[in-house]
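Commentary on secondary and tertiary structure
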Amino acid sequence: MAILDKIVALAKRRGFVYPGSELYGGIGGFWDYGPNGVELANNIKRSWWQAMVHDREDVVGLDSAIIMNPKVWEASGHVSSFTDPLTECKVCHQRFRADQPDEIEAHTDKHRHEGQKSVAWTEARQFNLLFRTFVGPVEDNSSLAYLRGETCQGIYVNFLNVLSSMRVRVPFGIAQIGKAFRNEVTPGKYLFRVREFEQMELEFFVHPREATERFTYWKEERLRWHLSLGLQKDHVRFRQHESTERAHYAADSWDIEYDYPEWGWKELEGIANRTDYDLKTHGKWSGKDLSYSDPLTNERYIPFVIEPSVGVSRLFLALLIDAYKEDDKRAFLQLKPSLAPVTAAIFPLVANKPQLVEKARSVYHFLKKHFVVGWDDRGNIGKRYLAQDEIGTPWCVTVDYDTLKDDTVTVRDRDTTKQERVSIDRLKEYIGAKL
Ligand code: ATP
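This structure is a prediction, so every number in the text was calculated from the model and none was measured.

**Digging into the packing of aromatic side chains**
For the structure on display, the rule yields 18 aromatic pairs. Arranged with centres 5.0 Å apart and planes meeting at 90 degrees, the rings of tryptophan 31 and tyrosine 190 form a pair that is edge-to-face. Within this pair, whereas tryptophan 31 is found in strand E2 (residues 31–33), its partner tyrosine 190 is found in the loop between strand E9 (172–181) and strand E10 (196–206), the two being separated by 159 residues in sequence. The partly exposed category is assigned to tryptophan 31, whose relative accessible area is 28%. Overall, the relative accessible area of 10% leaves tyrosine 190 in the buried class. Considering the side-chain rings of tyrosine 258 and tyrosine 260, the 4.8 Å spacing of their centres and the 75 degrees angle between planes classify their relative orientation as edge-to-face.

Pasting the structure below:
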């Protein structure tokens, strides 16, 4: 079985990811995060927020609305040109992105294997990715609105609000985590290309003179963060966009790519120098002055924007792939302990001895105040270890008959499977230090 198939199966079996609306046959490009998945995703987001906002002095957070005045998307160019080239297979009328030759080729080959001699494709046409909806009780052009295609527009339209309400001075950044929606022509590759996803975006405003230097800084900083989560060094790399590839307004654009099994190197995060394009454009369309006046030099200018942007689901998938380990005895997720959905799982040795269960419950309730802990009293201990291994729980704590005599428990390490005897009054420090 290919590694990706194993991960998809494990993610479903262990409550990480379920197909969206599975009960009704699913819906392409939408996935649901189960109890363990939501914990992992929250830990990823928390780590990003910590690194991008709380650990810094020059970044503030924001949470803007998903639905905005449609003029935002007209000004940004999304209504007219947030498009992908679409081509249709003339045999089965399935539609694909014309700029993804590997997908076109695979589909053509599929028909050839089925015995089709000639497989023709329609001329490519531009397909807009914005999801449309209507605001209020009347559905016409005056109530037309869009689900946001990227989170950053909410940041640009709040630039003046943040400037006037917070004690910030350029250079500074605004960070946001939130849902984005794209009606992708061909969603697929599991969590890689979906139609509803979360972005973690920073818009960092700088003096145009400093843009190149700041760009280099953020590139390095972002790679450092991905490595700090445990992604393997040889699975990530930088790739600079060709001038033909990048948006017309971007002065420079690089991707941090991840080497996904089967699909190869693909964009995990994009880092762009968006120049003064966004603030200039919104200034023009809104008629408001979005320039910045430096209080020290009195210089007035429109700041440049450096943007690192990463999708939660692409990173979630990369982390699962990197963490997945197996040998002849077990499969386990070697997640960084602070990312694991459960930090420690507590087991009474057997479930039918009230004294053991009571003692284990007291350990469970005590640790729950400090960490995310799980409880399992079903089946034999070996099976419980295997279940926790598959969700990446770093430590399993077993309460046994010796515990009743000397107040010590067995702590079993996920990676080495080694067991250690630890006294209950040291347990919190023991786990805290390792975490
Ligand atoms: P791609 O070329 O792969 O479609 P993009 O260049 O359009 O991606 P951006 O607009 O730069 O992507 O979005 C920033 C980040 O948002 C990407 O690096 C990716 O992590 C994430 N992202 C974009 N589109 C999707 C999607 N359909 N599903 C999941 N994540 C996405």
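**Quick look at helix H12 (residues 381–391)**
Taking burial as the measure, the 11 residues of H12 include eight buried ones, the bulk of the element. Those residues of H12 that sit buried are Ile381, Arg384, Tyr385, Ala387, Gln388, Asp389, Glu390 and Ile391. The opening residue of H12, the one whose side-chain oxygen lies 3.1 Å from the backbone nitrogen of glycine 382, is asparagine 380. Directly after H12, the chain includes glycine 392, whose backbone phi takes a positive value near 85 degrees.

**A word on the site of the ligand**
If you check the shell around the ligand, you find 17 residues, and the closest are Glu184, Arg193, Glu267, Leu268 and Gly311. In this structure, phenylalanine 192 approaches the ligand through a main-chain N or O atom, which is 3.3 Å from a nitrogen atom. Between leucine 268 and the ligand, the recorded distance is 2.8 Å, taken from a backbone N or O atom to an oxygen atom. Contributing elements (two or more residues each) for the shell around the ligand: E10, strand E13 (264–273), strand E16 (304–311) and helix H10 (312–323). The element that contributes the greatest number of residues to the shell around the ligand is E13, accounting for four residues. Its residues placed into classes, the shell around the ligand shows five nonpolar, five polar and seven charged.

**Some points on the nonpolar core**
Ranked by size, the top nonpolar core spans 56 residues in total, and within it Phe16, Ile44, Trp48, Met200, Leu315 and Phe316 carry the most contacts. A per-element tally of this core places H10 first, with nine residues. Core analysis: the second largest hydrophobic core is formed by 19 residues, Trp395, Val397, Val411 and Leu427 among them.

**Here we look at the packing of helix H2 (residues 35–54) against H10**
Relative orientation of the contacting elements H2 and H10 amounts to 110 degrees, with a least axis distance of 10 Å. As judged from the angle between their axes, H2 and H10 are roughly perpendicular. The segment H2 lies against H10, with Gly37, Leu40, Ala41, Ile44 and Lys45 engaging Val312, Leu315, Phe316, Leu319 and Leu320. Grouping the amino acids of the contact of H2 with H10 by side-chain chemistry returns eight nonpolar, one polar and one charged.

Rules behind the numbers
- Residues numbered from 1 in each chain as written.
- Predicted model: local features only at pLDDT ≥ 70, side-chain atom pairs only at ≥ 80, totals over all residues.
- Heavy atoms only, no water.
- Phe/Tyr/Trp six-rings, centres within 6.5 Å; stacked < 30°, edge-to-face > 60°.
- Helix = DSSP H or I, 4+ residues; strand = E, 2+ residues; numbered from the N terminus.
- Buried < 20%, exposed > 50% of the residue type's maximum accessible area, 1.4 Å probe, protein only.
- Polar contact = N/O pair within 3.5 Å; in protein donor to acceptor, adjacent residues only side chain to side chain.
- Near = heavy atom within 4 Å.
- Nonpolar A, V, L, I, M, F, W, Y, C, P; charged D, E, K, R; others polar.
- Core = buried A, V, L, I, M, F, W, Y, C linked by side-chain atoms within 4.5 Å.
- Axes fitted to C-alpha atoms, helices over the stretch in contact; angles between N-to-C directions.
- Parallel < 35°, antiparallel > 145°, perpendicular 65-115°, else oblique.
- Contact = heavy atoms within 4.5 Å.

Remember that the coordinates give geometry; whether it matters functionally is a separate question.
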